[in-house]
Amino acid sequence: EENGVAMASGLAKGGAKVVFSTHSTFIQRTYDQLSQDLCVNNNPAVIMVTMAGADGMNDTTHLCIFDIPLMSNIPNLVYLAPTCKEEYVAMMDWALSQKSHPVAVRVPNVVTSRPDVKFDTDYSALNRYVVDHKGSEVALIGLGNCWQLAEQVAGLLKEKGIDPTIINPRYITGVDEKLLEELRDGHKLVVTLENGIIAGGFGEKIAAYYGPSSMRVLCKGLRKEFYDRVPYPELAFRNRLTPELIVEDILAALK
């Protein structure tokens with residue numbers, strides 16, 4: 001893996017359109033190469049991060065839940081989180097055509113489809129989130145394959161009389177400050193949903209942004225633990241990541 005990232009960086013510097021693919025757990029072995037070889041030199045290689053999340057590989061030595069904190073804080077890297085196969089293809093097409101950034105794509109584990117959505121084909125305007133549904137009071141930011149979870153939560157909230165905003169953040173490595181500012185109008189609570197550990201993760205970037213303000217933020221993800229072959233449904237229950245438990249926590253946070 002270390003040699004793969006270093007070689008990808010060198011090939012990209014030489015003008016090749018290069019893709020290196022590895023599982024989330026194995027990207028941990030490549031931190032120095034990602035940082036010192038690829039991103040310091042800003043070479044436009046593409047890294048596919050597969051099996052990422054708690055529904056990927058799940059024994060203690062092969063957990064796939066640490067890639068977001070590991071990668072999202074490396075300068076120059078653009079880490080993208082597609083919500084479905086169509087968005088994944090669009091992001092990969094852009095990643096291979098652009099020459100300005102090293103790009104990583106967090107490949108969804110479950111093949112979902114959103115055929116009626118027209119996805120962007122240009123992601124060069126970095127850190128611009130997409131509002132898929134404009135509601136009020138609660139904003140749900142569903143990262144990658146947690147976008148579907150956000151939809152499920154929204155459906156349950158509507159039964160409680162709350163019509164939440166649903167947001168696809170797309171970028172793991174940055175914060176859309178303009179959109180977050182706009183959410184102050186008409187929203188009391190921002191909820192982040194991510195398939196990885198909370199500590200150092202995507203949600204904490206949102207929470208840090210809102211830190212000096214009165215906006216409440218609820219970060220939903222996994223506790224920082226070495227899980228060992230725990231089935232995803234059990235992990236979701238333990239970490240209150242089922243739609244029903246998330247709704248309970250949202251209603252409690254609104255009181």
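Reference entry: report on the structure contained in this document. Worth saying up front: this structure is predicted, and the values here are computed from it rather than measured. (Residues numbered from 1 in each chain as written. Predicted model: local features only at pLDDT ≥ 70, side-chain atom pairs only at ≥ 80, totals over all residues. Heavy atoms only, no water.)

### Regarding the overall build of the protein
Right, on to step 1. Of regular secondary structure, the protein possesses ten helices and nine strands.
Right, on to step 2. In terms of C-alpha radius of gyration, the protein reaches 18 Å, essentially the compact-globule figure of 18 Å for 255 residues.
Right, on to step 3. By the burial criterion, 53% of the 255 residues in the protein qualify as buried.
Right, on to step 4. Taking all contacts inside the protein whose residues are at least 6 apart in sequence as the whole, residues at least 24 apart take part in 80%.
Right, on to step 5. Accessible surface computed for the protein: about 11300 Å², of which carbon and sulfur atoms make up 52%.
Right, on to step 6. A gap of 2 Å separates the mean positions of the 25 positive and 31 negative side-chain charges of the protein. (Helix = DSSP H or I, 4+ residues; strand = E, 2+ residues; numbered from the N terminus. Rg over C-alpha atoms; globule rule 2.2 N^0.38 Å. Buried < 20%, exposed > 50% of the residue type's maximum accessible area, 1.4 Å probe, protein only. Contact = heavy atoms within 4.5 Å. Areas by Shrake-Rupley, 256 points an atom, 1.4 Å probe, with all protein chains shown as cover. Lys, Arg positive; Asp, Glu negative; His and termini not counted. Charge placed at Lys NZ, Arg CZ, Asp CG, Glu CD.)

### Comments concerning the packing of aromatic side chains
Right, on to step 1. Taken as a whole and judged by the stated rule, the model has five aromatic pairs.
Right, on to step 2. Taking 6.5 Å as the distance between ring centres and 65 degrees as the angle between the ring planes, the aromatic pair formed by Tyr 123 and Tyr 171 counts as edge-to-face. With Tyr 123 in the loop between β4 (103-106) and β5 (130-133) and Tyr 171 in the loop between β7 (165-168) and α7 (177-182), the pair connects residues that are 48 residues apart, well separated along the chain. With respect to burial, Tyr 123 and Tyr 171 carry one shared label: buried. (Phe/Tyr/Trp six-rings, centres within 6.5 Å; stacked < 30°, edge-to-face > 60°.)

### Overview of the sheet that holds β7
Right, on to step 1. Spatially, the five strands line up as an open sheet ordered β5-β7-β6-β8-β9, and their pairing is mixed. If you trace the sheet from one side to the other, it starts and ends with β5 and β9 (216-222), each paired once. Here the strands of the sheet are splayed against their neighbours by 25 degrees on average, with no regard to which way each runs. (Pairing = 2+ DSSP bridges. Axes fitted to C-alpha atoms, helices over the stretch in contact; angles between N-to-C directions.)

### Description of the pairing of strand β6 (residues 137-142)
Right, on to step 1. With five of its six residues buried, β6 lies for the most part within the structure.
Right, on to step 2. Examined bridge by bridge, β6 and strand β8 (residues 187-197) share six bridges and lie parallel to one another. When the sheet's bridge partners are listed, Leu 140 is paired in β8 with Val 191.
Right, on to step 3. For β6 and β7, the ladder comprises three bridges, and the chain directions are parallel. Paired with Leu 140 across the strands is Ile 166, a residue of β7.
Right, on to step 4. For the crossover from β6 across helix α6 (residues 147-159) to β7, the handedness is right-handed. (Right-handed = clockwise from strand over helix to strand, strands pointing away.)

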